[in-house]
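# Chains, contacts and geometry: an overview
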Amino acid sequence: MNDAAPDAPDPAPSEPIPMLDLPAEVDALFGELRPAIDRVLRSGVFIGGPEVDAFEAEVAERLGVRHAIGLNSGTDALILALEGLGIGPNDEVITTPFSFFATSEAILRVGATPVFGDVDPVTLNLDPATVAPAVTDRTRALLPVHLFGLPVDMDALGRVATEHDLSVIEDAAQAFGAVHAASGRPVGAWGTVSAFSFYPTKTLGAYGDAGLLTTHDDAVAERVRRLRTHGSRPNDKYVHDLLGHNSRLDALQAAVLRVKLRHLDEATEARRRVASRYHAHLADLPGLELPPLRKDHVFHQFTVQVPAERLEAVRAALAEARIAHQRFYPVPLSSQPVMPEPYVPPVTGRVCARVLSLPVHPGMTEANVVRVAEVVRGALAG
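The text that follows walks through the structure, step by step, so that each part is easy to find. Computed from a predicted structure; not experimentally measured.

### What to know about empty space enclosed by the protein
Summed over the entire model, instances satisfying the criterion amount to 1 cavity of 30 Å³ or more. Estimates place the volume of the largest cavity at around 50 Å³. As for the largest cavity, its lining consists of Val 122, Thr 123, Leu 124, Leu 147, Phe 148, Leu 150, Pro 291, Pro 292, His 297 and Thr 303. Class assignment for the residues of the lining of the largest cavity results in 7 nonpolar, 3 polar and no charged.

Structure, rendered in C-alpha cells:
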C-alpha cells in the first residue's frame with residue numbers, strides 16, 4: 001500500500017487567445033444589433049432596400065465619396081471595379097504579389113493580365129519604385145492593396161498613374177477606417193474606384209459575406225449598379241444589354257454594418273492600443289521586425305517578421321500555449337500555379353518566408369499581450 005500523498009493536480013491550462021473574438025463583440029453590441037435585425041425582419045425587405053440605401057449613404061458621407069455601392073463580397077467589388085472601368089482581355093493591371101488571392105483572381109477573372117511589382121520590406125505594401133518600370137502600352141490600371149490595415153503610399157502611386165494616364169483601383173478590403181496621415185484623406189477615397197470587403201474578420205465586418213465599391217465617377221457608378229443586378233437597365237429590369245452579376249448586399253448585413261460603423265472609431269483605437277503594447281514588449285528582440293506603429297495604421301492584422309530559421313519554433317510555442325496565429329501569406333500571388341509564368345519577386349520571397357500574424361482585436365487585454373510576447377520571446381531565445 002502506498003501511503004504517499006497524491007501528486008498535486010496539474011495547473012489548469014491558460015485560456016486560449018483567439019485571433020479575433022467575435023462572440024464577445026456580439027455580446028457587447030447585442031442591445032443594438034437585435035433591434036436592427038428585428039427591424040429588417042419585420043420590414044420584409046431582405047435584399048437592397050432602405051437599409052442598404054442608408055448604409056451606402058452613411059459610408060459615402062464618412063469617406064467623402066460621391067458613390068458607395070453595396071455588393072455581396074469584396075471579391076465582387078474588385079471584379080466590378082475592373083469591369084466598371086472597361087478592363088478586360090489584352091489589358092494589364094499592375095498589383096502587389098503579397099496579398100490574398102482575390103486581388104489577382106479578380107484581374108484574371110475579367111480576362112486581364114496581372115503584372116506584379118515588389119513590396120516594401122517594412123510596410124509590406126506595393127513599392128511604388130517597382131511600379132513605373134512595369135508599365136507597358138497595355139497597362140490600364142494600378143491595383144494597390146492597403147495590406148493589414150496600413151495605407152499604401154498613394155501620393156507616389158498617384159504620380160505614376162498620372163504620368164501614364166492610368167486608373168487606380170484601391171483594394172481597401174483590409175483597411176476600412178484608415179486615413180492617410182499626410183493628406184487626411186480616407187482609404188477608399190483616393191482611387192478611381194475602391195473595393196471594400198466586410199468579411200467578418202475585417203476592421204468593419206459583417207456577420208456573413210458583404211462588400212462595397214466606392215467611386216467619384218458618375219459613369220462608373222451607373223455601370224456598376226447595373227452590373228450588380230445582372231446588367232439590367234435601371235428602369236427595365238427585364239432588358240439586359242450588359243453581362244452582369246448577381247451581387248447585391250443583403251439588408252440584414254447592411255443593418256449589422258450600420259451598427260458596427262457607429263463603433264468603428266472606438267474599435268480602431270483599441271486595436272492601436274494593442275499594437276502599441278506589442279511594440280512595448282517586443283521591440284527590443286533582435287531579428288524580430290514589427291509592423292510600423294503609425295497613426296494611419298488600423299491593424300487589421302499585427303504581422304511580424306520572424307527570422308526564417310526560428311519561424312517554426314515560434315509557431316510551435318504559440319500552438320502549445322493555445323495562442324492563435326496565422327501565416328498571411330506564405331505563397332506569393334505571382335508564383336501561384338494558376339499564373340501563366342510563375343515567379344517570386346526578391347523582397348516578397350524574403351517576406352513570405354518570415355511573416356507571422358499575432359492576435360489583435362479590440363477585446364485583447366494587457367495580460368493577453370504580455371502572454372503572447374513572453375511566448376514569442378522565449379521561442380526566439382531558444
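### So, the nonpolar core
Leu 358 and Val 376 are the most contacted members of the largest nonpolar core, which totals 28 residues. Excluding residues within four positions of it along the chain, Leu 358 makes contact with Met 19, Tyr 278, Leu 282, Phe 302, Val 304, Leu 318, Val 372 and Val 376.

### Re the environment of Leu 213
The residue Leu 213 is located in strand E7 (residues 211-215) in this model. Leu 213 sits in the buried class, given a relative accessible area of 0%. Leave out the neighbours within four places in its chain, and Leu 213 touches His 67, Ala 68, Ile 69, Leu 71, Ala 77, Leu 80, Ala 81, Val 193, Ser 194 and Val 224.

### Focus on the sheet that holds strand E4 (residues 139-143)
What the 7 strands build is an open sheet, ordered E1-E7-E6-E5-E4-E2-E3; its pairing is mixed. Strand pairing shows two members of the sheet lacking a second neighbour, strand E1 (67-71) and strand E3 (113-116), which therefore form its edges. Neighbouring strand axes in the sheet, compared pairwise and without regard to direction, differ in orientation by 25° on average. Of the pairings in the sheet, the one linking strand E2 (residues 92-95) to E3 comprises 4 bridges and is parallel in character. Residue pairing in the sheet places Val 93 in a bridge with Pro 114 of E3. Along the sheet, helix H4 (residues 102-109) contacts E2, E3, E4 and strand E5 (167-171); its crossing angle with E3, the most-contacted strand, is approximately 140°.

### A short note on the pattern of salt bridges
Opposite charge on two side chains allows them to pair when their charged atoms are near. What the rule picks out here adds up to 21 salt bridges. Arg 258 is paired through a salt bridge with Glu 58; the nearest N and O atoms lie 2.7 Å apart. Here Arg 258 is found in helix H7 (residues 251-262), whereas its partner Glu 58 is found in helix H2 (residues 50-63), with 200 residues between them in sequence. In this structure, Asp 296 engages Arg 294 in a salt bridge whose closest nitrogen and oxygen atoms are separated by 2.9 Å. By relative accessible area, which is 34% here, Arg 294 ends up partly exposed. Sharing partners across several salt bridges, the network here consists of Arg 39, Glu 51, Glu 58 and Arg 258.

### A word on the packing of aromatic side chains
Inspection of every chain in the model, using the stated rule, returns 9 aromatic pairs. A ring pair is formed by Phe 148 and Tyr 329, whose centres lie 6.1 Å apart and whose planes are at 10°; its orientation type is stacked. Pair noted here: Phe 148 is in the loop between E4 and helix H5 (154-164) and Tyr 329 is in the loop between helix H9 (311-320) and helix H10 (346-352), with a separation of 181 residues, a long-range link. Here Phe 148 matches Tyr 329 in class, with each residue buried. An aromatic cluster of three or more residues is present, and its members are Phe 55, Phe 176, Phe 196 and Phe 198. Over the ring of Trp 190 we find Arg 185, and its NZ or CZ is 4.0 Å from the ring centre.

### Describing unusual backbone geometry
Residue Tyr 329 is bonded to the preceding Phe 328 through a cis peptide linkage, with omega at 0°. If you check the backbone angles, Leu 124 has positive phi at about 70° while not being a glycine. Checked against the element boundaries, Leu 124 lands in the loop between E3 and E4. We classify Leu 124 as buried; its relative accessible area is 4%. One non-glycine residue, Asp 165, adopts positive backbone phi at about 55°. Here Asp 165 is to be found in the loop between H5 and E5. Overall, Asp 165 belongs to the exposed group, its relative accessible area being 72%.

### Some thoughts on H2
Across its 14 residues, H2 extends 20 Å between first and last C-alpha, which sits within 8% of the 20 Å expected from 1.5 Å per residue. Three or more residues of H2 are buried, namely Glu 51, Val 52, Phe 55, Glu 56, Val 59, Ala 60 and Leu 63. Seen from one end, H2 has its buried residues packed into an arc of 165°, which puts them on one side. Opposite its buried face, H2 presents the exposed residues Pro 50 and Glu 61, each directed more than 90 degrees away.

### Let's talk about the environment of Gly 211
Within the element layout of this structure, Gly 211 appears in strand E7. Along the chain, Gly 211 and Phe 148 lie 63 residues apart, while their C-alpha atoms are 17 Å from each other. Ignoring sequence-local partners within four residues, the contact set of Gly 211 consists of Ile 69, Gly 70, Leu 71, Asn 72, Ser 73, Gly 74, Phe 196, Ser 197 and Phe 198.

### As for the packing of helix H8 (residues 264-282) against helix H11 (residues 366-381)
One can describe the packing of H8 onto H11 by two numbers: an axis separation of 10 Å at closest approach and a directional angle of 40°. Classified by the interaxial angle, the pair formed by H8 and H11 is oblique. Crossing hand, H8 versus H11: right-handed. On H11, the residues touching Val 274, Arg 277, Tyr 278, His 281 and Leu 282 of H8 are Glu 366, Val 369, Val 370, Val 372, Ala 373, Val 376 and Arg 377. In terms of residue class, the contact of H8 with H11 is built from 8 nonpolar, 1 polar and 3 charged.

Cut-offs used in this document
Residues numbered from 1 in each chain as written. Predicted model: local features only at pLDDT ≥ 70, side-chain atom pairs only at ≥ 80, totals over all residues. Heavy atoms only, no water. 1 Å grid on protein atoms, 1.4 Å probe; cavity = no way out; pocket = protein on both sides within 12 Å on 5 of 7 lines; lining within 4 Å. Points joined across faces, edges and corners; volume = space filled by probe spheres on them. Nonpolar A, V, L, I, M, F, W, Y, C, P; charged D, E, K, R; others polar. Core = buried A, V, L, I, M, F, W, Y, C linked by side-chain atoms within 4.5 Å. Buried < 20%, exposed > 50% of the residue type's maximum accessible area, 1.4 Å probe, protein only. Contact = heavy atoms within 4.5 Å. Helix = DSSP H or I, 4+ residues; strand = E, 2+ residues; numbered from the N terminus. Pairing = 2+ DSSP bridges. Axes fitted to C-alpha atoms, helices over the stretch in contact; angles between N-to-C directions. Salt bridge = Lys/Arg side-chain N within 4 Å of Asp/Glu carboxyl O. Phe/Tyr/Trp six-rings, centres within 6.5 Å; stacked < 30°, edge-to-face > 60°. Lys NZ or Arg CZ within 6 Å of the ring centre and 35° of its normal. Expected span 1.5 Å × (residues − 1). Arc of directions from axis to C-beta. Parallel < 35°, antiparallel > 145°, perpendicular 65-115°, else oblique. Left-handed = near helix turned anticlockwise from the far one by under 90°.

Function-wise, these values are silent; they only describe arrangement.
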